[in-house]
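Report on the structure
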Amino acid sequence: MGFLDNLRGKKLAPKIIASINKYLGTGTAIFNINDTDDIIRKGYMYNPNVYAVIQLIVNAASGVPFELYEVKDKKAYSRYSRAKNSIIPTAKGEYYKSKALEKIDNSELLDLLANPNPLQGEVEFTQNVLGYKLLTGNSYINLVSPLNGVNKGIPQQMYVLPAHLMEITSSGNAYSPIGGYELSMFDKNLKFKPEEVIHMKYWNPNWDHSGSHLYGQSPLKASQRVIQVDNDNYTANAKLLQNMGA
């Protein structure tokens, strides 16, 4: 029985849940301790090595087309998932894939991914999603759906939100802690409902009462000192050249 099961079964003291709700009050901003704005400026925008690595990954990944599959055999799919995640690929993986999945060539979802919004195509959209996740540990996609008509509630456009400017707001509920998302930009705050945003993130082990674990950990966070040393070396060498070696 897992942690949430223990909570639901009230095997943990109710005071723990009350304590969590005390700190995660409804509408309270949950701050991201990653300092992602600094990571972007001093990493991707300042360090040529970080820039090169991120570009290499996003350019390669964005060139891979999206494919859509329908699960036709759940048992085979479970076995395929285990084989796919194995360190050593096996022939069984492809066998179970053929049994478990059926490729879908025509779909509104594929059309949306190919043309996510009037300003971006599939490649640039994918680069944005992957780039923000690699830099900040988080990617936020805003789903825009009609309020009325036959397509009411069905996403027709998708926009990548600037991850380093996003904040999660608390619902005050320990079981479903995310109350919404907020974008702070140009002295304006744009608020989004949970169902209007797809939040993709890396695992963050820093679980605390302030909700830090609701954000993904930036892959560059563990490398901040290495990046700083690298930046300082570039700065020192530049000053040395400017001073003619003095």
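This write-up is about the structure you can find in this document. (Residues numbered from 1 in each chain as written. Predicted model: local features only at pLDDT ≥ 70, side-chain atom pairs only at ≥ 80, totals over all residues. Heavy atoms only, no water.)

**Concerning the pattern of salt bridges**
Convention followed: When a carboxyl oxygen of Asp or Glu is within 4 Å of a side-chain nitrogen of Lys or Arg, the pair counts as a salt bridge. Strands are runs of DSSP state E lasting at least 2 residues, helices are runs of H or I lasting at least 4, and numbering of each runs from the N terminus.
Summed over the entire model, instances satisfying the criterion amount to 1 salt bridge. Here Glu 67 ties to Lys 103 by a salt bridge, and the two come within 3.4 Å at their closest N and O atoms. With a gap of 36 residues between them, Glu 67 in the loop between helix 4 (48-62) and strand 2 (68-71) and Lys 103 in strand 3 (residues 101-104) connect regions that are remote in the sequence.

**Overview of the nonpolar core**
Cut-off, in case you're wondering: By convention a nonpolar core is built from buried Ala, Val, Leu, Ile, Met, Phe, Trp, Tyr and Cys residues, the set being connected through side-chain atoms within 4.5 Å. For each residue, the accessible area found with a 1.4 Å probe, counting protein chains only, is set against the maximum for its type, and the residue is called buried under 20%, exposed over 50%, and partly exposed in between. Residue contacts are counted whenever heavy atoms from the two residues lie within 4.5 Å of one another.
Grouped together as the largest cluster of nonpolar side chains are 29 residues, with contacts concentrated most on Tyr 140, Met 158, Leu 161, Met 166, Tyr 181 and Phe 192. Looking at this core, the elements that each hand over two or more residues are helix 3 (36-44), helix 4, helix 7 (108-114), helix 8 (122-136), strand 4 (138-144), strand 5 (157-161), strand 6 (166-170) and strand 7 (178-185). Per element, the largest residue contribution to this core is 5 residues, and it comes from helix 8. Residues within four places of Met 166 in sequence aside, it is in contact with Tyr 140, Leu 161, Tyr 181, Glu 182, Leu 183, Phe 192 and Tyr 215.

**As for the packing of helix 3 against helix 8**
Rules: Note on geometry: axes are lines fitted to C-alpha atoms, helical ones only across the stretch in contact, with angles between N-to-C directions running from 0 to 180 degrees. For this classification, under 35 degrees means roughly parallel, over 145 means roughly antiparallel, 65 to 115 means roughly perpendicular, and everything else is oblique. The nonpolar class holds Ala, Val, Leu, Ile, Met, Phe, Trp, Tyr, Cys and Pro. Asp, Glu, Lys and Arg form the charged class, and all remaining residues, Gly among them, are polar.
Between helix 3 and helix 8, the shortest axis-to-axis distance is 9 Å and the interhelical angle comes to 100 degrees. On the basis of their axis angle, the class for helix 3 and helix 8 is roughly perpendicular. In this structure, helix 3 contributes Thr 36, Ile 39, Ile 40 and Tyr 44 to the contact, and helix 8 contributes Tyr 132, Leu 135 and Thr 136. Here the residues of the contact of helix 3 with helix 8 are counted per class, giving 5 nonpolar, 2 polar and no charged.

**A look at the packing of aromatic side chains**
Aromatic rings in a pair are described by how distant their centres are and how their planes are angled relative to each other. The condition that has to hold: Aromatic rings from Phe, Tyr and Trp, with only the six-membered ring used for Trp, were paired whenever their centres fell within 6.5 Å, and each pair was classed as stacked if the ring planes differed by under 30 degrees, edge-to-face if by over 60, and tilted otherwise. Charges are assigned to positions over rings by a cutoff of 6 Å between ring centre and Lys NZ or Arg CZ, combined with an angular limit of 35 degrees from the ring normal.
Within the structure shown, the criterion is met by 4 aromatic pairs. Ring geometry for Tyr 77 versus Tyr 80: centroids 6.2 Å apart, planes at 50 degrees, classification tilted. Linking Tyr 77 with Tyr 80, this pair stays in helix 5 (residues 74-84), spanning 3 residues, or about one helical turn. Here Tyr 80 falls in the buried class, since its relative accessible area comes to 11%. Here Tyr 140 and Tyr 181 contribute two aromatic rings whose centre-to-centre distance is 5.8 Å and whose plane-to-plane angle is 70 degrees, an arrangement assigned as edge-to-face. In this pair, Tyr 140 sits in strand 4 while Tyr 181 sits in strand 7, placing the two residues 41 residues apart along the sequence. Considered together, Tyr 140 and Tyr 181 belong to a single accessibility category, that of buried residues. The side chain of Lys 133 reaches across the aromatic face of Tyr 202, ending 4.7 Å from its centre.

**Comments concerning the environment of Leu 135**
Its location among the elements puts Leu 135 in helix 8. With 81 residues separating them along the chain, Leu 135 and Ile 54 place their C-alpha atoms 8.0 Å apart. Residues contacting Leu 135, with those up to four places away along its chain left out, are Ile 39, Ile 40, Tyr 44, Ile 54, Ser 218 and Leu 220.

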